Amino acid sequence: MKGEKILAPAERIDFGEALVPPEGYRLEAAIGTTFSMDIATALTVPVAMALRGGIERDELMENPLAALAAMQRLQDRVRIFVEAGNIHPPACKRNALISLLEELVVEVAPPKRASFHPKLWLMRFSPEAGGTTRQRLVMMSRNLTRDRSWDVALQLEGEETEKKQGGNQPLVDLIDWMPGRKPRALQELRNQLAFVKWQAVPGFRKPVFHAHFPRSPHVWRPGKGQMAVISPFCDDAALDMLGRERICALVACDDWLARLDDVPKCSMTLMDHAVPEQEPTGHQERAGLHAKIFITENADETTITLGSGNATSAGLAVSGMRNIEVFATLRGKTAKVGGIGLDSEGILGHDGLRPLLADWSPRSLSEEEVDEARFEDAVRQARHAIFAARPQLTFASVEDQWSAALQMKSPAIPGIVQIHARLATQHGSTAIAGAGPWILGLVGLLNVTRFIQIDLTGDNEKTASFVTQAAAHGLPDSEPRLRALMAEIIKTPEQMLSFVHAMLEVRPDLTGLMRTGNRNGQKTGQSQRAAPPVLETLLKVLLSDDGPARMAELDKLLRLIPADTQTAAGFHDLWSKFIAVNGKRR
């Protein structure tokens, strides 16, 4: 949400661009939260943050050098929190890059009969040449997946001040609620978040934040006035809490409107032509509407609340705290920011969202829809139950390969008749039944991972899959695993020099990195790209304030690359001289 026209369909925030540091700044830390996550999409996040550029998911999986460089640059600076068991399997061929996400991704077990559902990104940027440290907040309804549905986002820029800003406390408390050890850089982001003063959204007063989590004091409740609700999912309990009699417009998914006992008079859905075409993947996304917006108009003011929560009893904590959610509320004069404007100019008017909407025609759910909803609920129960069963992997060395065995108490889940499991890097799966342990098979060191894929078959013959992390015993050390991954990705002198350049340059040549990062060393139909010159980069880094530390870190990685690759690039002797000088500087 930015610019003069609030919530106009043509006014967009590009998610990839929202992750790129401002000019003159570098990323210090980032925290992301999402209900669900696609592996390839998650790998594009560090590329945007560290290498300052957007990249297509499938291209990244075929040209993995950028992901390798970005992940090594960020290491303990980024964490993505996702609901336990809600990681989508790879949409393309199996790829060992998934192992790069093992430390970056933290799965969160939600409260019983609830979901971990917040969707936000918090980023901290430090100046490259003096100035004030900045933070960025992107609050949205979008998950970290391939979904192309209509979503909503609010991007705020702020500076860290010396005065505590009490309005940020809901965000600080939400970070504190989330599990796991947070690295020093993330803890510093959390500490300084309390002192961030956000720039105002034109026409609105400063934002007010709300966070739902167990025992949270920051629950959102709507103010007075007539209301419009945009929410893909809705139920009667939430609409009663919002005040059904004052809802002048409800925009929701067709099948969820059909579930209501009492449908508001002006209920709408997306027109067929407005439903985005989804990417073909193994995980079927619900296409169409995904934005969550609550608009109230009272006297001469308009209030807009957006975020992750649907108009459901779980999403709005109607009967006690349920889902983990986050919201932001903006309030401004209607004359400046517009009103609901259902039959005139306004947010839902003819110059706003109305051309995308159609009046809902009352109907009942079909048997197929009821069956689909039942299976979706069974899958949700399976995800939670399998994560709660604490699956454990045991690895053992077998000559030049590794055997993987899975142990857990296989849960009985109503509606699910078969469960299969595999490492997320494997193609074949193993039936999970009885007491276990189950032998998943042999894999090379490159494909050893803590991520397992669970494949489910329902009693209606429908299928679903998800990925989760298991505890691992006998897992090979991280260094030989990284060595195997680097050997798979860095095979030519050009690729090695591009990796060095990407590790040291503040703004590396991402296009060139992608070209040399192709698995065969070149793109189809293109001649081999010359490696970037590194001498100038080495001199610049050596003389910089943080040069010694950066070069020492890179030296650890270069020791994992075969010496013949470095020698073929004419780099080995040059690097040895720089390291010797660097040692004297330290």
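So, here's what we can say about the structure. Only a predicted model underlies this, so the values are computations on that prediction, with no experimental measurement involved. (Residues numbered from 1 in each chain as written. Predicted model: local features only at pLDDT ≥ 70, side-chain atom pairs only at ≥ 80, totals over all residues. Heavy atoms only, no water.)

1. Notes on the overall build of the protein
Turning to step 1, where the next piece is worked out: Looking only at helices and strands, one finds 17 helices and 25 strands in the protein.
Turning to step 2, where the next piece is worked out: For the protein, whose C-alpha radius of gyration is 25 Å, the value lies close to the compact-globule estimate of 25 Å for 586 residues.
Turning to step 3, where the next piece is worked out: Once the C-alpha set of the protein is aligned to its principal axes, its extents read approximately 75 × 60 × 50 Å.
Turning to step 4, where the next piece is worked out: Relative to its 586 residues, the protein shows a buried fraction of 57%.
Turning to step 5, where the next piece is worked out: Considering only contacts within the protein whose residues lie at least 6 apart along the sequence, 73% involve residues at least 24 apart.
Turning to step 6, where the next piece is worked out: In the protein, the 68 positive side-chain charges and the 71 negative ones have mean positions that sit 6 Å from each other. (Helix = DSSP H or I, 4+ residues; strand = E, 2+ residues; numbered from the N terminus. Rg over C-alpha atoms; globule rule 2.2 N^0.38 Å. Buried < 20%, exposed > 50% of the residue type's maximum accessible area, 1.4 Å probe, protein only. Contact = heavy atoms within 4.5 Å. Lys, Arg positive; Asp, Glu negative; His and termini not counted. Charge placed at Lys NZ, Arg CZ, Asp CG, Glu CD.)

2. Describing the sheet that holds strand β25 (residues 471-473)
Turning to step 1, where the next piece is worked out: Spatial ordering of the open sheet is given by β22-β19-β18-β25, a layout of four strands whose pairing is mixed. The outermost strands of the open sheet, each flanked by one partner alone, are β22 (438-443) and β25. Within this sheet the neighbouring strands show an average axis-to-axis angle of 25°, counted without direction.
Turning to step 2, where the next piece is worked out: Summarising the sheet, strand β18 (residues 392-398) and β25 pair through three bridges and their orientation is parallel. Bridge pairing links threonine 394 to histidine 473 in β25. (Pairing = 2+ DSSP bridges. Axes fitted to C-alpha atoms, helices over the stretch in contact; angles between N-to-C directions.)

3. Here we look at the side chain of arginine 244
Turning to step 1, where the next piece is worked out: Here arginine 244 is to be found in the loop between α7 (236-242) and β12 (247-251).
Turning to step 2, where the next piece is worked out: Not counting residues up to four positions away in its chain, the partners in contact with arginine 244 are Asp236, Leu239, Asp262, Val263 and Pro264.

4. Quick look at helix α2 (residues 39-51)
Turning to step 1, where the next piece is worked out: Look at α2: 19 Å from first C-alpha to last across 13 residues, which is about the 18 Å you get at 1.5 Å a residue.
Turning to step 2, where the next piece is worked out: Among the 13 residues in α2, 13 count as buried, and that is most of the element.
Turning to step 3, where the next piece is worked out: Phi turns positive one or two residues past the end of α2, at arginine 52, with a value near 60°. (Expected span 1.5 Å × (residues − 1).)

5. Considerations on the packing of aromatic side chains
Centre distance and the angle of the planes are the two values used to describe a pair of aromatic rings.
Turning to step 1, where the next piece is worked out: According to the stated counting rule, one finds six aromatic pairs in the structure shown.
Turning to step 2, where the next piece is worked out: Between phenylalanine 15 and tryptophan 121, the ring centres sit 6.3 Å apart and the planes meet at 55°, which makes this aromatic pair tilted. In this pair, phenylalanine 15 sits in helix α1 (residues 15-18) while tryptophan 121 sits in strand β6 (residues 120-127), placing the two residues 106 residues apart along the sequence. Of the two residues, phenylalanine 15 and tryptophan 121, both sit in the buried class.
Turning to step 3, where the next piece is worked out: Between tryptophan 220 and phenylalanine 294 the ring centres are 5.0 Å apart and the planes differ by 40°, which places this aromatic pair in the tilted class. One end of the pair, tryptophan 220, is in the loop between β10 (208-212) and β11 (226-230); the other, phenylalanine 294, is in strand β14 (residues 293-298), with 74 residues separating them in the sequence. (Phe/Tyr/Trp six-rings, centres within 6.5 Å; stacked < 30°, edge-to-face > 60°.)

6. Topic: the nonpolar core
Turning to step 1, where the next piece is worked out: By size, the foremost hydrophobic cluster in this structure holds 78 residues, and its most contacted members are Met49, Trp121 and Phe499.
Turning to step 2, where the next piece is worked out: A total of 10 residues in this core trace back to one element, the largest contributor, which is α2.
Turning to step 3, where the next piece is worked out: The residues touching tryptophan 121, leaving out its near neighbours within four places in the chain, are Phe15, Leu19, Ile31, Gly32, Val45, Met49, Ile80, Arg136, Leu137, Val138, Met140 and Leu144.
Turning to step 4, where the next piece is worked out: Residues Phe116, Met139, Ile230 and Leu357 belong to the second largest nonpolar core, which totals 54 residues. (Core = buried A, V, L, I, M, F, W, Y, C linked by side-chain atoms within 4.5 Å.)

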